Amino acid sequence: MTVWDDLVGQIRVQEQLAAAAKDADALVTAVSDGKPLDQGSKMTHAWLFTGPPGSGRSTAARAFAAALQCVSPDRALGGVPGCGFCDGCHTSLIGTHADVQIIRTDLLSIGVKETRDLVRRAQLSPAVGRWQVIVMEDADRLTEGAGNVLLKAVEEPAPRTVWMLCAPSLEDVLPTIRSRCRHLTLSTPPVEAVADVLIRRDGVDPERAHSAARATQGHIGRARRLATDERARARRAAVLKVPLRVADVGGCLKAAQELIDTATDDAKQMAEEVDVKETEDLKAALGGVAGGRMPRGTAGAMKELEDKQKRRKTRTQRDSLDLALTELTGFYRDVLALQLGSRIAIANVDVQDSLDRIAESSTPAQTLRRIESVIACRDAMDRNVAPLLAVEAMTMALRAG
């Protein structure tokens, strides 16, 4: 198993990264031996991975990081770095390599303070590996100030530092940053490829694997969750009933409230799993005693943690709602395909009766307006409109058609 095995349906990107990893290996060897550098090298110090959700942006970045840290003896015989078995590959993939920093956020944004810490780390030489690698999985969440801090590091990188930024599209990254990165675009993986990974790597039943891959339209992470989590399947089934429940105003308001309640429950569940442990760990680190008062001077640290947990809860709720809206969009996309007699594959075949019912009782123009109302709801939440108001407006628009 090589480091590229989880990079589903991205053959062109895999070839480019493998070639760059091989040139990077030769570059390090040339520097160590005092030889002249290859001016045509495919390796560079900053990379930008873009692609739709579920395409595997962070997976590609992690695989590339592992290939850069590969210490397999086969490299000396002309082999391509990225064996997947050596200590460098293994620790990079599981996130324990001393010179591979994986940055992901469960908050709404990445601020200046966190970015400055990264920039300071980027100036260090590798401790045990061949490169200092920083993978930022949510580069689109950088605030403007944080982006300006990062720009300096990307403009003047340390000799052995590699930045890997992941974002949905080029427009999600500051123009000054993306102009200094080598850009790789990933595409949505084929349904068959996603199903194959679920069967081969996760041991999922083939029928369920194909159903999950088709329902999520090639989104690897969502397909894995849908195939392995009964709660996720129940939540999706509830969301796909919404189009049939908006026949009257009462149904619209009830459906909206249930969507919000489900998202709130998801945020609460995550808080129960993470917040309590974080709070207890911080109290212990600050010298607190179980059941007793905290030492003086620790109130600021505790308040900072509470604020972080509150922002994370908001992000979790929004992510849950966004997933529901994505599933609704997929539902109406299937309705539109039926109305227009399109030959494209139907994603939600498990609710074919509902699709047929909505398709027969409405027109393509109404379906398009309903899709636009779902998109408008997502835009409203991005502008910090109260989630319940945004979802209620959407369900009323779904009723109007």
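As shown above, the structure is provided for reference.
Residues numbered from 1 in each chain as written. Predicted model: local features only at pLDDT ≥ 70, side-chain atom pairs only at ≥ 80, totals over all residues. Heavy atoms only, no water.

What to know about the overall build of the protein chain
Helices and strands together make up the secondary structure of the protein chain, namely 15 helices and 5 strands. The globule rule puts the C-alpha radius of gyration for 401 residues at 21 Å, and the 24 Å found for the protein chain is close to it. Counting all 401 residues of the protein chain, 44% fall into the buried class. Restricting to contacts in the protein chain with at least 6 residues of sequence separation, those with at least 24 account for 72%. Taken as a whole, the protein chain presents about 20200 Å² of accessible surface, with 53% of it coming from carbon and sulfur. (Helix = DSSP H or I, 4+ residues; strand = E, 2+ residues; numbered from the N terminus. Rg over C-alpha atoms; globule rule 2.2 N^0.38 Å. Buried < 20%, exposed > 50% of the residue type's maximum accessible area, 1.4 Å probe, protein only. Contact = heavy atoms within 4.5 Å. Areas by Shrake-Rupley, 256 points an atom, 1.4 Å probe, with all protein chains shown as cover.)

Some details on the environment of Thr185
Tracing the chain through its elements places Thr185 in strand E5 (residues 182–185). Not counting residues within four places of it along the chain, the set of residues in contact with Thr185 comprises Arg12, Val13 and Thr50. Among the polar contacts made by the side chain of Thr185, one reaches the side chain of His183 at a distance of 3.3 Å. (Polar contact = N/O pair within 3.5 Å; in protein donor to acceptor, adjacent residues only side chain to side chain.)

Points about the packing of helix H7 (residues 191–202) against helix H9 (residues 220–228)
It is at 10 Å that the axes of H7 and H9 come closest, and there the two elements cross at 55°. Relative to H9, the element H7 is oriented oblique. Pair H7 / H9 crosses with right-handed handedness. Where H7 approaches H9, its residues Val194, Val197, Leu198 and Asp202 are matched on the opposing element by Ile220, Ala223, Arg224 and Ala227. A breakdown of the residues in the contact of H7 with H9 according to their chemical character gives 6 nonpolar, no polar and 2 charged. (Axes fitted to C-alpha atoms, helices over the stretch in contact; angles between N-to-C directions. Parallel < 35°, antiparallel > 145°, perpendicular 65-115°, else oblique. Left-handed = near helix turned anticlockwise from the far one by under 90°. Nonpolar A, V, L, I, M, F, W, Y, C, P; charged D, E, K, R; others polar.)

Some thoughts on the layout of surface pockets
As a volume, the second largest pocket reaches approximately 530 Å³. If you go around the second largest pocket, you meet 18 residues; those closest to its centre are Leu107, Glu114, Glu304, Lys308 and Arg311. At 6 residues, helix H12 (residues 299–340) tops the list of elements feeding residues into the lining of the second largest pocket. Here the lining of the second largest pocket is composed, by residue class, of 6 nonpolar, 2 polar and 10 charged. (1 Å grid on protein atoms, 1.4 Å probe; cavity = no way out; pocket = protein on both sides within 12 Å on 5 of 7 lines; lining within 4 Å. Points joined across faces, edges and corners; volume = space filled by probe spheres on them.)

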